[in-house]
Amino acid sequence: MTSTTVTTSPLVQTKSFRLTRPSIVGPDSPEPPFPIQLSGPVQRGFGRGGKDLGCPTANLPDESLPAMSTVTKTGVYYGFAQITPRANADHALSKEETSVLPMVMSLGWNPFYKNERMTAEIHILHEFKSDFYGYDMKALVLGYIRPELDYTSREALVDDINMDKQVALNSLDRPAYQTYTSDPFFASNTPPQ
Ligand SMILES: Cc1cc2nc3c(=O)[nH]c(=O)nc-3n(C[C@H](O)[C@H](O)[C@H](O)COP(=O)(O)O)c2cc1C
């Protein structure tokens, strides 16, 4: 990441913050700096997202992150993502699993886990039958949901992540956002006739 990203200490989540969260965010169509394109090979995180939080995430490598320096804010973003097969992938994903799917992305230091490195972790809103390490991922970031927060309990973080997923689905369900599912940035997953 470049030095333009703000690195102030995280705000602590409070119950009143969750109660006042809007269920839909951002303008009716994405405004600059969105859309932001990210892509790279899927990397392993620490694995706590799936085990501890019920929310598996796929990390993007550091080299994929400079594009996010235009936003200057750590926190949770929403958009669409697509897993694309590589020649050496050891198992096949279904056609649905390689389609363009809604995603939430956490960009930051995960203060709850006190990480020492900035990461971009993407959770795709779909039940995958197997993991997709060894695949590539493309993500189109279309808007911002909330700042990254610290939490006094794992349950409070899980509650907020669940709300992030619903906010992302509501926000992406607007016509101007839906058009990005067929953006040329994404690969067509229809095999040639
Ligand atoms: C939608 C979403 C929102 C998140 N929000 C926060 C947050 O506000 N604060 C935080 O410390 N971590 C947040 N996280 C990050 C989790 O702490 C992270 O996924 C966890 O560290 C697991 O990472 P790992 O699988 O690399 O171990 C969020 C993750 C997601 C997917």
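Overview of the structure. Per-chain numbering applies: the sequence of each chain, read as written, is numbered from 1 onward. In keeping with the predicted nature of the model, local features appear solely for residues at pLDDT of at least 70, side-chain atom pairs appear and are counted solely at 80 or more, and the whole-chain, interface and lining totals rest on all residues. In computing side-chain properties, one takes all heavy atoms of the structure into account and sets aside hydrogens as well as water.

A short note on the nonpolar core
Then, number 1: Think of a nonpolar core as a cluster: buried Ala, Val, Leu, Ile, Met, Phe, Trp, Tyr and Cys residues, connected wherever their side-chain atoms sit within 4.5 Å. Each residue is assigned to one of three classes by its accessible area relative to the maximum for its type, calculated with a 1.4 Å probe on protein chains only: buried under 20%, partly exposed between the two thresholds, exposed over 50%. Of all hydrophobic cores here, the largest spans 27 residues; its most connected members are Met-68, Ile-83, Met-105, Ile-122, Ile-124, Phe-132 and Val-141.
Then, number 2: Of all the elements in the fold, those that place two or more residues in this core are β2 (36–41), β4 (75–84), β5 (101–108), β6 (119–124) and β7 (136–146).
Then, number 3: Only runs of H or I of at least four residues qualify as helices and only runs of E of at least two qualify as strands under DSSP, and these elements are numbered from the N terminus. If you tally residues by element for this core, the top one is β5, at four residues.
Then, number 4: Between two residues, a contact is recorded if the distance between any of their heavy atoms is within 4.5 Å. With residues near it in sequence (within four places) discarded, Phe-132 still touches Val-42, Ala-58, Ile-83, Leu-93 and Ile-124.
Then, number 5: Counting 16 residues, the second-largest nonpolar core is a separate cluster that includes Val-104, Val-167, Ala-168 and Leu-172.

Quick look at unusual backbone geometry
Then, number 1: Residue Pro-33 is bonded to the preceding Pro-32 through a cis peptide linkage, with omega at 10°.
Then, number 2: Of the consecutive residues Phe-34 and Pro-35, the connecting peptide bond is found in the cis state with omega at 0°.

Re the sheet that holds β4
Then, number 1: A sheet is described by the order of its strands in space; here six strands give the open sequence β2-β7-β4-β5-β6-β3, paired in antiparallel fashion. Pairing within the sheet leaves two strands with one partner each, and these edge strands are β2 and β3 (58–59).
Then, number 2: With seven bridges connecting them, β4 and β5 associate as antiparallel partners. Bridge pairing links Gly-75 to Leu-107 in β5.
Then, number 3: Simply put, an axis is a line fit to the C-alpha atoms, just over the touching stretch for a helix, and the angle between two N-to-C directions goes from 0 to 180 degrees. Across the sheet, helix α3 (residues 154–172) touches β4, β5, β6 and β7, and the angle it forms with β5 is around 130°. Two strands make a pair as long as DSSP finds a minimum of two bridges between them.

Re the site of the ligand
Then, number 1: Inspection of the region around the ligand gives 23 residues, with Phe-46, Arg-48, Phe-112, Glu-121 and Leu-149 positioned closest.
Then, number 2: Between the ligand and the protein, one listed contact pairs an oxygen atom with a backbone N or O atom of Arg-48 at 2.7 Å.
Then, number 3: Interatomic distance of 2.6 Å between a side-chain N/O atom of Glu-121 and an oxygen atom of the ligand.
Then, number 4: When isolated, the ligand has an accessible area of 630 Å², and the protein chains bury 99% of it.
Then, number 5: Mapped onto the shell around the ligand, the elements with two or more residues apiece are α2 (48–53), β5 and α3. In these notes, residues near a molecule or strand are those with any non-hydrogen atom within 4 Å of it. Any pair of N or O atoms that falls within 3.5 Å is considered a polar contact. Within protein, one atom must be able to donate a hydrogen and the other to accept it, and sequence-neighbouring residues count only if both atoms are side-chain atoms. Exposure was quantified through the Shrake-Rupley algorithm and a 1.4 Å probe, taking into account, for residues, occlusion by the shown protein chains and nothing else.

Digging into the side chain of Asn-110
Then, number 1: Along the chain, the position of Asn-110 falls in the loop between β5 and β6.
Then, number 2: Every residue in contact with Asn-110, bar those within four places of it in the chain, is listed here: Arg-48, Asn-115, Thr-119, Glu-121 and Glu-148.

Quick word on the side chain of Asp-150
Then, number 1: Here Asp-150 shows up in strand β8 (residues 149–150).
Then, number 2: In this structure the side chain of Asp-150 is engaged in a polar contact, spanning 3.5 Å, whose partner is the backbone nitrogen of Phe-112.

Section: the packing of aromatic side chains
Then, number 1: Two rings belonging to Phe, Tyr or Trp (six-membered ring only in the last case) form a pair when the distance between their centres is within 6.5 Å. Interplanar angles under 30 degrees mark stacking, angles over 60 mark edge-to-face geometry, and anything in between is tilted. The final tally for this structure, using the stated rule, is six aromatic pairs.
Then, number 2: Seen in terms of ring centroids, Phe-185 and Phe-186 are 5.4 Å apart; in terms of plane orientation they differ by 55°. Their pairing is tilted. One exposure class covers both Phe-185 and Phe-186, and it is buried.
Then, number 3: Of the aromatic side chains, those joined through ring pairs into one cluster are Phe-34, Tyr-77 and Tyr-144.
Then, number 4: Working rule: Lys NZ or Arg CZ, within 6 Å of ring centre, within 35 degrees of ring normal, means a charge sits over the ring. The cationic tip of Arg-48 hangs over the ring face of Tyr-113; the distance from NZ or CZ to the ring centre is 4.0 Å.
Then, number 5: The side chain of Lys-138 reaches across the aromatic face of Phe-185, ending 5.0 Å from its centre.

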